[in-house]
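# Observations on the model geometry
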Protein chains: 2
Amino acid sequence: MNEVAKRAGVSIATVSRVLNNSESVNEETRLKILKAIKELKYQPSRVAKRLRSKSGSSNLLGVLVPDIRNPFYVDVLMGIEDVAYRNNYAIIMCNFGQDEKKEAMYLDILESEAIDGLIAAPATEYDQRLKKMVKNGLPVVCVDRGLKDSDVDLVWVNNEAGAYAAVDHLIRKGYKRIAHIGGLPSIPSSVLREKGYRSALIDHQILPDPGLIRLGDSTYESGVRLASELLKSKTPPDALFTGNNLITLGALETIHALKLKIPEEIAIIGFDDMSWANSLNPALTAVRQPAFEIGKRAGELLIQRISDPKRPCIQMTMNAELMIRSSC
Amino acid sequence: MNEVAKRAGVSIATVSRVLNNSESVNEETRLKILKAIKELKYQPSRVAKRLRSKSGSSNLLGVLVPDIRNPFYVDVLMGIEDVAYRNNYAIIMCNFGQDEKKEAMYLDILESEAIDGLIAAPATEYDQRLKKMVKNGLPVVCVDRGLKDSDVDLVWVNNEAGAYAAVDHLIRKGYKRIAHIGGLPSIPSSVLREKGYRSALIDHQILPDPGLIRLGDSTYESGVRLASELLKSKTPPDALFTGNNLITLGALETIHALKLKIPEEIAIIGFDDMSWANSLNPALTAVRQPAFEIGKRAGELLIQRISDPKRPCIQMTMNAELMIRSSC
DNA sequence: ATGAAAGCGCTAACAT
DNA sequence: ATGTTAGCGCTTTCAT
């Protein structure tokens, strides 16, 4: 920057001004400076800028997700990245593997990096560390999972309605013994989805059978294991409603290993669609969250909030759509 | 930091010293400072540190990947993240979607962020922008794809041998008309995999049939489309060797849409395994790249290189293992 | 319209 | 063993 100033015969202050195309700068000197910048291939240091101007212009965002292996989150990430890139924001990726300790450490790092804002799917609704950061003024928008009693935007889907639609569909198709493999109860969406499952049953005068409900830890392995328990029992279900992407895939592994026919011997609907649902055999019926859109909206909300920190909080609930294909 | 110094009754220099646990600091004052840090919940600014000490200790890494939707890259990313996290490095994620312009802009950002090092799967082997950064002294390790005439470490698999093994297996199983759906010829691994495919055919006295080789753009859609062209032709193949994860999934969609039986009517082996290969029906036979391991090794090499910039370059070629399951 | 200078939070000589 | 101080590259008053 010094060199640019020298070459253009001005002070660094003026260079800074044209860089932030702010205030009044003589068109002539502006051109001179621009030329010098080109010639020297000068690139401003985002680090120095960040250090200087405490907030709102450091062009750095944090993204905190529980499991990047879950295709849902990679699509959300893609949505975020799309708007971040367009707005010249870089992204620090924090994958905490649903480990609260790791999450806390990442939050420390993010704070220490002086990010402008954060998009997070927190481990729980009661995340103290995160709530404190919000209170301290960090712009945060949550995706997929909210943050109780905190001033944050939230973009998610109607989990309960989505689950309800899936189970309702199963019932109307004539399935009687519909099992549910859920995720960690500490994750809000797990609870909501189970609730939708129960409501649908009850609305059809079916008493939820505790033996048909298994809660795991939201992983692929839990899907494999719990589906196996369910399907090998004396009174196995005739349909499965699985609580997320990874669980669905795990359950599918078990179903195929047991050589069960879908949907004749066992129907299955998963929460979370996958872009390659048609590559499964049979094509998977699933509750689709508009993941890319969720990420995109979250990104937009965050950028808004950064420039206007006191705008009231918004909760965007998107529709979870049942994509009926062949697995039920 | 100022406050910590005040509270502990020392100068900020001493605080800095215990923070970097360097040099000789009186144990007594050390304890005092540590106590003050605890009490004030002081967290050092990584930004200021980065600004100050030009290189090697900013604790920031860049990761540049072509397509985060490809499960292979997310596993690589997990491997990188694993070692980065352990070493207190944050990661700036750059997903360039095989778009060279976007890649160049991300490289600009990374440079401007003063990263300590970069792990990249560059768009092409001839990436000028990246080569310049290497020349300028940025520690870089490449994954999956190399960088011609440049001083970088490289971690990848033996693509040609992996492809060869897959096609060889197909031939031994008795398949006669083995088609190949490849990826972008500008990507080195695409070329290498096609080469392996051809070698295997030739070694078995089969003349590669140009009509059975289709090159796309490495996407899911290309898999759908090219598989459709191949399978609907007058003289369709009896086996498919697909060039990457996404292509495989796309081809699978077409196969199922056409209600072709695997492997009786059409066998398929994909390059790139997936953690849920068993969830496909039938379970997919695939050439497995140890993706997590690749990421981990790359991360380790990068950290080494950061602390010792002149250590000679290493090329780590891992084995691509044929995972025989039921699709051929 | 432009320049001078202070300072963001830290590290690394150099002094003591 | 510890303190003083000069920057790192930028933004932003305050002068001019």
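Details of the structure are given in the entry above.
Report on the accompanying structure. (Residues numbered from 1 in each chain as written. Chains lettered and ligands numbered in written order. Predicted model: local features only at pLDDT ≥ 70, side-chain atom pairs only at ≥ 80, totals over all residues. Heavy atoms only, no water.)

The secondary structure content of chain A amounts to 12 helices and 12 strands. C-alpha extents for chain A along the principal axes are approximately 85 × 40 × 30 Å. Taken across its 328 residues, chain A has 57% of its residues classed as buried. The long-range fraction of contacts in chain A, counting pairs at least 24 apart against all pairs at least 6 apart in sequence, stands at 68%. Accessible area of chain A: about 14100 Å², with a carbon and sulfur share of 50%. Averaging the coordinates of the 43 positive side-chain charges in chain A and doing the same for the 40 negative ones gives two points 4 Å apart. (Helix = DSSP H or I, 4+ residues; strand = E, 2+ residues; numbered from the N terminus. Buried < 20%, exposed > 50% of the residue type's maximum accessible area, 1.4 Å probe, protein only. Contact = heavy atoms within 4.5 Å. Areas by Shrake-Rupley, 256 points an atom, 1.4 Å probe, with all protein chains shown as cover. Lys, Arg positive; Asp, Glu negative; His and termini not counted. Charge placed at Lys NZ, Arg CZ, Asp CG, Glu CD.)

On to helix 5 (residues 71-86) of chain B. Residues and elements named next belong to chain B. For helix 5, which comprises 16 residues, the first-to-last C-alpha distance of 23 Å matches the rise-based estimate of 22 Å (1.5 Å per residue) to within 8%. Taken across its 16 residues, helix 5 has 14 buried, putting it largely inside the fold. Of the residues that open helix 5, the one with a side-chain oxygen 2.8 Å from the backbone nitrogen of Phe-72 is Asn-70. Two residues or fewer past helix 5, Asn-88 is found with a positive phi of approximately 65°. (Expected span 1.5 Å × (residues − 1). Polar contact = N/O pair within 3.5 Å; in protein donor to acceptor, adjacent residues only side chain to side chain.)

This brings us to the sheet that holds strand 10 (residues 285-288) of chain B. Residues and elements named next belong to chain B. Strand order in the open sheet made by the six strands is 7-6-8-9-10-12, with mixed pairing throughout. Bordering the open sheet on either side are strand 7 (213-215) and strand 12 (321-323), each of which pairs with just one other strand. Pairwise comparison of adjacent strand axes, ignoring direction, gives a mean angle of 15° for this sheet. As judged from the three bridges shared by strand 6 (residues 178-182) and strand 7, these two strands associate in the parallel manner. (Pairing = 2+ DSSP bridges. Axes fitted to C-alpha atoms, helices over the stretch in contact; angles between N-to-C directions.)

Okay, the packing of aromatic side chains next. Across all of its chains, the model carries five aromatic pairs over all chains by this definition. Centre to centre, the rings of A:Phe72 and A:Tyr73 are 5.0 Å apart; their planes meet at 65°, and the pair counts as edge-to-face. An identical accessibility class is assigned to A:Phe72 and A:Tyr73; each is buried. Relative to B:Tyr106, the ring of A:Tyr85 has its centre 5.1 Å away and its plane inclined at 45°; by these criteria the two rings are tilted. One end of the pair, A:Tyr85, is in helix 5 (residues 71-86); the other, B:Tyr106, is in helix 6 (residues 100-112), on a second chain. Over the face of the ring belonging to A:Tyr85 we find B:Lys102, whose NZ or CZ atom lies 4.9 Å from the ring centre. (Phe/Tyr/Trp six-rings, centres within 6.5 Å; stacked < 30°, edge-to-face > 60°. Lys NZ or Arg CZ within 6 Å of the ring centre and 35° of its normal.)

The subject of this paragraph is the relation of the copies chain B and chain A. Here two copies of a chain appear, and what relates them is a rotation about an axis with a shift along it. Overlaying chain B with chain A gives an RMSD of 0.1 Å, the required rotation being 180° about an axis along which the chain moves by 0.1 Å. Taken together, the rotation angle and the small translation identify this as a two-fold axis. Of every C-alpha in chain B, the one belonging to B:Ile92 sits nearest the axis of rotation, 2.3 Å from it. Taken together, the interface assignments show that 98% of the residues at the interface of chain B recur at the interface of chain A, consistent with an identical surface on both copies. (Least-squares fit on C-alpha atoms with pLDDT ≥ 70 in both.)

Turning our attention to the protein's contact with DNA strand D. Neighbouring DNA strand D are 23 residues, the closest being A:Tyr42, A:Arg52, B:Arg17, B:Ser24 and B:Arg52. Expressed as a percentage, the sugar and phosphate content of the atoms of DNA strand D within 4 Å of the protein is 53%. At 2.7 Å from a phosphate oxygen of DNA strand D is found a side-chain nitrogen or oxygen belonging to A:Ser16. In the model, a phosphate oxygen of DNA strand D is placed 2.7 Å from a nitrogen or oxygen of the B:Ser11 main chain. Put simply, the parts of the chain that give the surface near DNA strand D at least two residues each are helix 2 (12-19) and helix 4 (46-52) of chain A together with helix 2 (12-19) and helix 4 (46-52) of chain B. Residue composition of the surface near DNA strand D, by class: 10 nonpolar, nine polar and four charged. (Near = heavy atom within 4 Å. Nonpolar A, V, L, I, M, F, W, Y, C, P; charged D, E, K, R; others polar.)

A full pass over the atoms with the stated rule returns 45 salt bridges over all chains. Between B:Asp153 and B:Arg305 there is a salt bridge, with its nearest N and O atoms 3.0 Å apart. Of this pair, B:Asp153 sits in strand 5 (residues 153-157) while B:Arg305 sits in helix 12 (residues 291-307), and the two are 152 residues apart along the sequence. Taken together, the shared-partner salt bridges connect A:Arg7, A:Lys35 and A:Glu39 into one network. (Salt bridge = Lys/Arg side-chain N within 4 Å of Asp/Glu carboxyl O.)

Next up on the list: unusual backbone geometry. Note on backbone geometry: most residues besides glycine have negative phi, and most peptide bonds are trans. Along the chain, A:Asn281 connects to A:Pro282 via a cis peptide bond; the corresponding omega equals 0°. Among the structural elements, A:Pro282 can be located in the loop between strand 9 (267-271) and strand 10 (285-288). Along the chain, B:Ile262 connects to B:Pro263 via a cis peptide bond; the corresponding omega equals 0°. Among the structural elements, B:Pro263 can be located in the loop between helix 11 (245-257) and strand 9 (267-271). Of note in this structure, A:Ser218 is not a glycine but carries a positive phi near 70°. By secondary structure assignment, the location of A:Ser218 is in the loop between strand 7 (213-215) and helix 10 (220-232).

This part covers the interface of chain B and chain A. Counting residues at the interface gives 49 residues for chain B and 49 residues for chain A. Contact between chain B and chain A buries roughly 4400 Å² in total, counting both sides, with carbon and sulfur atoms accounting for 58%. Residue B:Asp75 pairs with A:Arg69 through a salt bridge whose shortest N-O separation is 3.4 Å. It is helix 6 of chain B that provides the largest number of residues to the side of chain B that touches chain A, a total of eight residues. (Buried area = accessible area lost by both parts, 1.4 Å probe.)

The next point concerns the side chain of B:Thr124. Residues and elements named next belong to chain B. Position of Thr-124 among the secondary structure elements: in the loop between strand 3 (117-120) and helix 7 (128-135). For Thr-124, a relative accessible area of 12% corresponds to the buried category. Separated by 3.5 Å, the side chain of Thr-124 and the backbone nitrogen of Asp-127 make a polar contact. When near neighbours in sequence (up to four residues on either side) are disregarded, Thr-124 contacts Glu-100, Gly-146, Leu-147 and Ser-186.

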